[in-house]
Each structure stands twice: as structure tokens, then as C-alpha cells.
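What follows is the residue order along each chain.
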Amino acid sequence: MVDPVRPRERMVREQIEARGVTDKAVLSAMRTLPRHLFVEEALAYKAYTDGPLPIGEGQTISQPYIVALMSELLEVKPEMKVLEIGTGSGYQAAVLAQMGADVYTVERIKKLFFAARKRFMGMRMFSVKLKLDDGTLGWTDEAPYDRIIVTAGGPEVPEPLVAQLADPGRMLIPVGASKRNQSLILIEKRDGKVTRTDKGSVAFVDLVGNHGW
Ligand code: SAH
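Residues numbered from 1 in each chain as written. Predicted model: local features only at pLDDT ≥ 70, side-chain atom pairs only at ≥ 80, totals over all residues. Heavy atoms only, no water.

Engineer: Could you clarify how one ought to interpret the site of the ligand in this entry?
Structural biologist: Taken together, 27 residues surround the ligand, and among them Ser89, Glu107, Asp134, Gly135 and Val208 come closest. Between the ligand and Gly86, the relevant distance is 3.0 Å, taken from a nitrogen atom to a main-chain nitrogen or oxygen of the residue. A distance of 3.4 Å is found between a nitrogen atom of the ligand and a backbone nitrogen or oxygen belonging to Arg108. Bound to the protein, the ligand loses 99% of the 580 Å² it would expose on its own. Looking at which element gives the most residues to the shell around the ligand, the answer is strand β2 (residues 59-61), with three residues. Among the residues forming the shell around the ligand, the class breakdown is 10 nonpolar, 11 polar and six charged. (Near = heavy atom within 4 Å. Polar contact = N/O pair within 3.5 Å; in protein donor to acceptor, adjacent residues only side chain to side chain. Areas by Shrake-Rupley, 256 points an atom, 1.4 Å probe, with all protein chains shown as cover. Helix = DSSP H or I, 4+ residues; strand = E, 2+ residues; numbered from the N terminus. Nonpolar A, V, L, I, M, F, W, Y, C, P; charged D, E, K, R; others polar.)

Here it is in C-alpha cells:
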């Protein structure tokens, strides 16, 4: 497949810039990364459309705009240590890595974990570190993280993640009783204090964890 540069540029212009995302590093990363390589070949022709897509195992790669919005809200600077929970296709992790972050990502489904790892190898993107585990526990050995991004939603914020957030630090996580009733929550840690801000409604797949939810 020829690299679809034009559909990708249009995606950034019409779905992302048009909705108010201005972070140059985010726009540049999404203009550069071959999103069509993060979905199955049969769905590659839909890779630059304005919505989520199935990636198998009942999971999805997020809508491009949501990836852009979260990457902007996270305020990632080069060299920052970022933890992602929910590797899925690997696309969000790749965007953060392309922005210069040192990315650690955790996925609980074996098949998706191996597929993402293979993808990163194929793209020679060696800076993303992957782990197969329950991400609600975080990635203790590598903590603390300047930024944490959770790309699946649960009813509560897993406490280990807040504990593994650096001070100062920012974390984004969809929180809600169900997929139809979820808010993107920004958690900020500063001088030992933790604050929460609601950034609007989202619809992510379930954050599955060993916490009795
Ligand atoms: N960031 C992904 C979106 C993936 S969808 C992308 O860019 O493609 C959410 C992912 O979270 C799914 O792959 C799901 O298996 C994973 N997930 C759900 N609960 C999890 C948990 N407790 N730990 C790790 N991964 C989890």
C-alpha cells in the first residue's frame, strides 16, 4: 500500500485542527505516523476516518481526534517518562513516542500485546517499552511517571496509578459507571496535593482489573 499521506493530512486538518487542537508536536506526530499500519489490513482503508475501529478481542483503536485531544491535554514534553495503560494497537503510545516521550505501555490481552510489539519492531520504534500485565496496578519498577494516560475506562481511578504519578504530574483517565456515562478526568499532582478536573464525556472500552469492579 502506498503511504496515504493526503488522507492523513486531511485527517489532521479536518478532524483535529478544525476541532481546536493546536499543539504542534501532536499535529506533527499525527501527520507523520502511518495510522493504517495500526489496524488490520482489511480495515486499512478506514484508518484515516473520523471514528474508532475494531482491533480484535472486542477492543478498539480510539478515534483520531480523541488521541489528539488526550495527547494535547497531557502536556507532554520531550524526555518525559509517560505510562500508558491499554496499549491496544499501540497507536497512542506511538504518538507519544513520536513527540519525544519515554513511553511505557501496559496491555492485559496477550494477542494485542504481541501484535503491538511486532508493529513497533517493524517500524523500528524501539523506544516504547511494553508489558503484558494488569495495568490497574501500574508499572511499579519504573515509577514515578511525569505523565500517565489510561485509554480504557473504569468506575474509579486505580489508586496505584495516582501513587506512581510524579509530583508535579498529570494523568488522564476515563471514569464512569458505564461506557455510555464516562468523563475524561484530568488528575494533577502538585506539592503533594491531588486535584481532579472533568474534561468532558468520552466512550472508552472497559478497564478490566483485579479490583472487584
Ligand atoms: N491506546 C489504544 C486503545 C486501546 S483500547 C490504541 O491506541 O489503540 C483499550 C485497551 O485497554 C484494550 O486493548 C484493552 O485490552 C486494554 N485494557 C483494559 N483493561 C486493562 C488493564 N487493566 N490493563 C491493561 N490493559 C487494559
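Don't stop here, the text continues.
Engineer: Would you mind showing me how to read the packing of aromatic side chains here?
Structural biologist: How two aromatic rings sit relative to each other is given by the distance of their centres and the angle of their planes. Overall, the coordinates contain four aromatic pairs when judged by the stated rule. Ring plane angle 75° and centroid distance 5.1 Å describe the contact between Phe113 and Phe114, whose orientation is recorded as edge-to-face. Using a relative accessible area of 7% as the deciding quantity, one classes Phe113 as buried. Grouping aromatic residues by their ring pairs yields a cluster made of Tyr104, Trp139 and Tyr145. A cation over an aromatic ring shows up here: Lys129 above the ring of Tyr104, its NZ or CZ 4.7 Å from the ring centre. (Phe/Tyr/Trp six-rings, centres within 6.5 Å; stacked < 30°, edge-to-face > 60°. Buried < 20%, exposed > 50% of the residue type's maximum accessible area, 1.4 Å probe, protein only. Lys NZ or Arg CZ within 6 Å of the ring centre and 35° of its normal.)

Engineer: Sorry, what's going on with helix α1 (residues 5-16) here?
Structural biologist: Residues spaced three or four apart along an α-helix face the same direction, because each turn holds 3.6 residues. Between its first and last C-alpha atoms α1 spans 16 Å; for 12 residues at 1.5 Å apiece the expected length is 16 Å, and the two agree. Taken together, the buried positions of α1 are Arg8, Met11, Val12, Gln15 and Ile16. Projection of α1 onto a plane perpendicular to its axis shows the buried side chains occupying an angular sector of 110°, all on one side. (Expected span 1.5 Å × (residues − 1). Arc of directions from axis to C-beta.)

Engineer: How should I be thinking about the sheet that holds strand β6 (residues 145-150) in this particular structure?
Structural biologist: In sheet architecture, strand pairing relies on hydrogen bonds along the backbone and comes in two forms, parallel and antiparallel. Across the sheet, seven strands lie side by side as β5-β4-β3-β6-β7-β8-β9; this open sheet has mixed pairing. At either end of the open sheet lies a strand with only one pairing partner, and these are β5 (129-132) and β9 (193-202). Here the average twist between neighbouring strands, direction ignored, is 20°. Bridging between strand β3 (residues 81-85) and strand β4 (residues 102-107) involves five bridges; their strand directions are parallel. Within β4, the position partnered with Lys81 by the bridge is Asp102. Lying over the sheet, helix α4 (residues 91-98) contacts β3, β4 and β6, oriented at roughly 170° with respect to β4. (Pairing = 2+ DSSP bridges. Axes fitted to C-alpha atoms, helices over the stretch in contact; angles between N-to-C directions. Contact = heavy atoms within 4.5 Å.)

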